[in-house]
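Now for the letters of each chain:
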Amino acid sequence: MAPPGQAQRSPSPSQPSGKGEVSDLKAQLRQLAGSRAPGVDDSKRDLFKKVISYMTVGIDVSSVFGEMVMCSATSDIVLKKMCYLYVGNYAKGNPDLALLTINFLQRDCKDEDPMIRGLALRSLCSLRVANLVEYLVGPLGSGLRDGNSYVRTVAVIGILKLYHISAVTCIDADFPAMLKRLMLNDPDTQVIANCLAALQEIWTLEASNSEEASREREALLSKPLIYYFLNRIKEFSEWAQSLVLELVAKYVPSDNNEIFDIMNLLEDRLQHANGAVVLATIKVFLQLTLSMNDVHQQVYERIKAPLLTLVSSGSPEQSYAVLSHLHLLVMRAPILFSSDYKHFYCQYNEPFYVKKLKLEMLTAVANESNTYEIVTELCEYAANVDIPMARESIRAVGKIALQQYDVNAIVDRLLQFLEMEKDYVTAETLVLVKDLLRKYPQWSQDCIAVVGNISSKNVQEPKAKAALIWMLGEYSQDMHDAPYILESLIENWEDEHSSEVRLHLLTAVMKCFFKRPPETQKALGDALAAGLADFHQDVHDRALFYYRLLQYNVTVAERVVNPPKQAVSVFADTQSSEIKDRIFDEFNSLSVVYQKPSYMFTDKEHRGPFEFSDELGNLSIGADAADTVVPAHQVDANDKDLLLSTSETEKEDGRALSSNGSAYSAPLYDAPASVPASQIQSDLVNLTSGLSGHVPAASLAIDDLLGLGLSVTPAPAPSPPSLSLNPKAVLDPGTFQQKWRQLPISLTQ
């Protein structure tokens, strides 16, 4: 059946059918504004719902602002809520209209109903108009003294909003001192929690400008305040308990008895139903016992059961968050969790992200006693119909093999994967076998016997093909068909789009040439010719490097390309202990979920007390960098904190040394004289003429840099001024990075 025509379609109830509908709404609201007739509130509700629905879908209904304010004179709390929602949405974009709301909001702040007082005060503080802050001070002061706890709760958060709009107004009105008194004396725990949150944020932001604020922030970590919060912690809500526990984690006890007192007070929080409270409590226990090794180990034993309970009882999202923290603890103390490995077996109905994290847990807890059972379970997953899950399980088996000493059974399992004849299984296994041979060269005979039967035509993934090519080059003396397989791959050079595979192919054919020269000579020539003609810079450079290395000295080339094999103990992607410790310090935060410290994924202004220099990615290198670099004249020539200083005369002379503003140049080094330049030049010219069809044209300057020996007259370089160390240099990472970025570009290539 064909869809009805455009003219027959009924308009959506949530969107106006034409421009006149907003005008109709405005007229109806104006008509109801001063009406006292019975049932008028129901009519207002219908109209308010229409206005809110239009606003929600992005239709501009700011033209009815005045009528909405006039209709707010009602005791119906539902109408009040909708009106406040409308006003808060449009006030910031229409400061002049926001002024119309001040009177009725201030009036509602004195209403008899505490719910209306609280809602009005919240809406008043949510206007976010800097010109109206003077109207907030009076209602906020009254709200802090209100007899109803809900109004006081709203007023405390309102002060924090006021601080972000105008910090000066907030401080001048002495609101932080009022919050502190309220925090220590209010009977309602939610008011206390809000005061603590507001004061922490205000004093943290003010600490950089005020010593008094810095002292007040430190006073929050005093023993009387900490015990004041801990003794009442059972009365707090879950959010407030997490806030208090986060504060306690920063507290430094005076002695061991105090540590045990705090842990006894918080013992029952480990059985709390809320995962955030449990994790916050665990963080307190771990931080307090860092200097007590025996107790710290006992804490691991104590927190194991609550964490495993949280993993199994809750949503997948909660399980993932708790598993992330458990994974961090397992990395620090794998032996304590090795007997609980069955808790980390995957269930069929779990989402993939939980399964993947459980595989990482199984990898971390694997040891000599449980490796066989864990690998058996992982092999079951490798036959899973879920391809990503099968890939991850194969990687997990490989990781276990790389971290165990007795790998007999694991190597056999990996080689069995190659016989499954599934493309993705073969691809993942080849990558792992390559890493396994790099760490355990003694297993080469068993692995090569199986890998040699794999056809390179059946391996399509670049990483897997690169791994296979690496093994063909590394063990070409044991693989009878290695030169011929490499030759066929070189013949299909143009069909291979991955630069990684081409790079591995160049190196593999070089290694094979040194072990089986007669069979590989032709393939090597073809590979170097194809590499020199390749458009990818890395491939071209590697081919050119091998080409000149062979021309210079074959013995030296063999030592460079095919050195004696050394077992790899630690792989480059292994996380450093410093990073792990930093993540542990940020326990119960997103750092644990992301498995990286907060400075790696947060903006600089939100990084907190630990400041790190800007990442290298922020630096601009290249032709466009000149647009973003601050001109050289903005760098103060007489900075006393620079690490290097020059004499005054040299500074004056250095200003005219370079056209790009830099007074320094790199030192010049003479070429080695062990080989006559004329001989190398003639050999290279002969070789170049033989491969002229494959070598792209290059500029004289670049050819000279590459060592072709072409005569290029260099420009006379100015002599750099002598440098002397400044013994009183003080430079933090952030300032150094800033000064480095301000320096002019000396050379771009």
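Basis of the calculations
Residues numbered from 1 in each chain as written. Predicted model: local features only at pLDDT ≥ 70, side-chain atom pairs only at ≥ 80, totals over all residues. Heavy atoms only, no water. Helix = DSSP H or I, 4+ residues; strand = E, 2+ residues; numbered from the N terminus. Buried < 20%, exposed > 50% of the residue type's maximum accessible area, 1.4 Å probe, protein only. Contact = heavy atoms within 4.5 Å. Areas by Shrake-Rupley, 256 points an atom, 1.4 Å probe, with all protein chains shown as cover. Expected span 1.5 Å × (residues − 1). Polar contact = N/O pair within 3.5 Å; in protein donor to acceptor, adjacent residues only side chain to side chain. Salt bridge = Lys/Arg side-chain N within 4 Å of Asp/Glu carboxyl O.

## Quick word on the overall build of the chain
Here's step 1: Counting secondary structure elements, the chain contains 38 helices and two strands.
Here's step 2: In the chain, which comprises 749 residues, the proportion classed as buried is 43%.
Here's step 3: Taking the contacts inside the chain whose residues are at least 6 apart along the sequence as the reference set, 67% of them involve residues at least 24 apart.
Here's step 4: For the chain, the exposed surface amounts to about 40,700 Å²; the carbon and sulfur share of it is 53%.

## Regarding helix H8 (residues 149–165)
Here's step 1: Relative to the 24 Å expected for 17 residues at 1.5 Å per residue, H8 spans 25 Å between its end C-alpha atoms, a close match to the ideal helical length.
Here's step 2: On its buried face, H8 is in contact with helix H6 (114–125), helix H7 (137–144), helix H9 (167–172), helix H10 (175–185) and helix H11 (189–206).
Here's step 3: Measuring from the backbone nitrogen of Tyr-150 back to the side-chain oxygen at the start of H8 gives 2.9 Å, which picks out Asn-148 as the cap.

## Re helix H26 (residues 462–474)
Here's step 1: Across its 13 residues, H26 extends 18 Å between first and last C-alpha, which sits within 8% of the 18 Å expected from 1.5 Å per residue.
Here's step 2: Here H26 lies mainly inside the structure; 11 of its 13 residues are buried.
Here's step 3: All of the buried residues in H26 are Ala-464, Lys-465, Ala-466, Ala-467, Leu-468, Ile-469, Trp-470, Met-471, Leu-472, Gly-473 and Glu-474.
Here's step 4: Close packing links the buried residues of H26 with helix H24 (423–439), helix H25 (444–451), helix H27 (482–491) and helix H28 (499–515).

## Thoughts on the pattern of salt bridges
Two side chains that carry opposite charge are able to pair once their charged atoms sit near each other.
Here's step 1: With the rule as written, the count across this model stands at 25 salt bridges.
Here's step 2: Of the charged contacts in the structure, one is a salt bridge between Glu-461 and Arg-391, with a shortest N-O distance of 2.4 Å. With Glu-461 in the loop between H25 and H26 and Arg-391 in helix H22 (residues 387–403), the pair connects residues that are 70 residues apart, well separated along the chain.
Here's step 3: Judged by its relative accessible area of 31%, Glu-461 falls in the partly exposed class.
Here's step 4: Of the charged contacts, one joins Glu-586 and Arg-582 as a salt bridge, the two residues approaching to 3.1 Å between their closest N and O atoms. For the residue pair Glu-586 and Arg-582, the accessibility class agrees, reading buried in each case.
Here's step 5: Overlapping salt bridges bring together Arg-391, Glu-392, Arg-395, Glu-428 and Glu-461 as one network.

## Side note on unusual backbone geometry
Here's step 1: A positive phi angle, close to 60 degrees, is found at Asp-174, a residue other than glycine.
Here's step 2: Relative to the helices and strands, Asp-174 is located in the loop between H9 and H10.
Here's step 3: Overall, the relative accessible area of 41% leaves Asp-174 in the partly exposed class.
Here's step 4: A positive phi angle is found at Gln-595, which is not glycine, with a value near 60 degrees.
Here's step 5: Note that Gln-595 resides in the loop between helix H33 (590–594) and helix H34 (625–628).

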